[in-house]
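# Per-entry structural report
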Amino acid sequence: MARRTPRRRATAVAATDSYAGGDGRLSPLSTPSATRAVLEAHGIGTKYTLGQNFLVNDDVLKKIIALAEVGENDRVLEVGPGIGTLTIALLKHAASVIAIERDPDLPAVLADTLHPWREKFALIEKDALDVTRDDIVAAMVEIGGDTGYPDRASSAANETAQWAVSQSEDCLSESGYPVAPPQEDLQLSLPSKLVANLPYAVAATVVLDYFESFPFLDSATIMVQKEVADRMVAAVGTKNYGAYTVKLGLYAEPVGRFAVGPGNFFPPPRVDSAVIRLNRRVPLMADGAPASPEVIAAAALMADAAFTNRRKTIANSCKTYFSGRGPILLGVADSSAAEGAPTIALPDGAATAERLPAIFEAAAIDPRRRGETLTQQEFLALGAALLRVTAA
């Protein structure tokens, strides 16, 4: 990593001298100049391959915190903290934050920018799609102790980015927010809220995967590409309604949303964005009974099958989907599973395809319909029928 000359370091710090906190900002990093200063101080730039677009509008941060309803007792999970812009806002309001970051250049940055909150923050250095419950538990154990992250900062960063620490402390002292919570109030519990400006390339996958795999998450308030948000909230029969909409709806429902334009980021992305809040839910069967985890997993499988060929009937689409498959193992979300999940073995694809007429009949679904016309409750009926018919 290249070291900056003393002249360049002085310039980077001088660019942020006028921002000393106390002006109502949630984060001292929520301006283009502050973001550039941090990146220059550490000798790094944005990485297009990782989808790095840093939020530089403090008003958007305030709206995210309000929509997520982050409170002093909340433990928050964040994916893609970047240089810590949103993380600072979260740490000012929450009991603790666990962040997940795959970019090896950013832990040293976060060590500087989040130094005042080091006792209520932990970092998981891993791809978000590879994170397990055990990783999160280990991070919770870390919070409140000496994580060692401040020592990871490069010598160049220690010389040039201390302004972030001092300004953050000024912000705290003037705003009345505590730098760290009383240690007796810090209990080991898993985070209940996901709040993140997600890398757009994996955003949809992360949200569904985390609702499926981490039952301790009660809500997700996430920044995603507008088109992804449209898929998350799409109504039955619309062009955006598909297998993803159905599967996400089996775990969560949208309760709030607002738009965010490209000009709120550094560098500006080429797409429009949206922040959406999703609350966990347990879907109901037609008789009003809660759907079981097994039926939910089977309904998700039937959604994938029904939308394999969107323009075809569900009979033809499902036949195409199952005929080309071998043995089918149905993963079932289980809150008691620390790693992995239990599975249900179904007949192989060809055998399942042969039983499709019986499955449609048992679910009272006309096989001539198309997937986009089926409601979530009808997919639950298909899932229940799949389990009954294949078990006979």
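What comes next concerns the included structure. Just so it is clear, the model here is predicted, and its values are computed rather than measured.

### Describing helix α5 (residues 106–113)
A large share of α5 lies buried, amounting to eight of its eight residues. Along α5, the residues classified as buried are L106, P107, A108, V109, L110, A111, D112 and T113.

### Some points on the side chain of T87
Here T87 is to be found in helix α4 (residues 85–93). Exposure remark for T87: the relative accessible area of 0% places this residue in the buried category. Sequence-distant contacts of T87, that is, excluding residues within four places in its chain, are made with E78, P81, V97, L114 and F121.

### A word on the sheet that holds strand β5 (residues 193–197)
Across the sheet, seven strands lie side by side as β4-β3-β2-β5-β6-β9-β7; this open sheet has mixed pairing. Each edge of the open sheet is held by one strand with a lone partner, namely β4 (121–125) and β7 (252–260). Averaged over all adjacent pairs, the angle separating strand axes in this sheet is 20°, with direction ignored. As defined by bridge partners, β5 adjoins strand β6 (residues 219–225) across five bridges and the pair is classed as parallel. From the neighbouring strand, V195 faces β6, where its bridge partner is T221. Strands β2 (75–79), β3 (96–101) and β4 of the sheet are contacted by helix α6 (residues 133–142), whose axis makes an angle of about 145° with β4.

Definitions and limits used
Residues numbered from 1 in each chain as written. Predicted model: local features only at pLDDT ≥ 70, side-chain atom pairs only at ≥ 80, totals over all residues. Heavy atoms only, no water. Buried < 20%, exposed > 50% of the residue type's maximum accessible area, 1.4 Å probe, protein only. Helix = DSSP H or I, 4+ residues; strand = E, 2+ residues; numbered from the N terminus. Contact = heavy atoms within 4.5 Å. Pairing = 2+ DSSP bridges. Axes fitted to C-alpha atoms, helices over the stretch in contact; angles between N-to-C directions.

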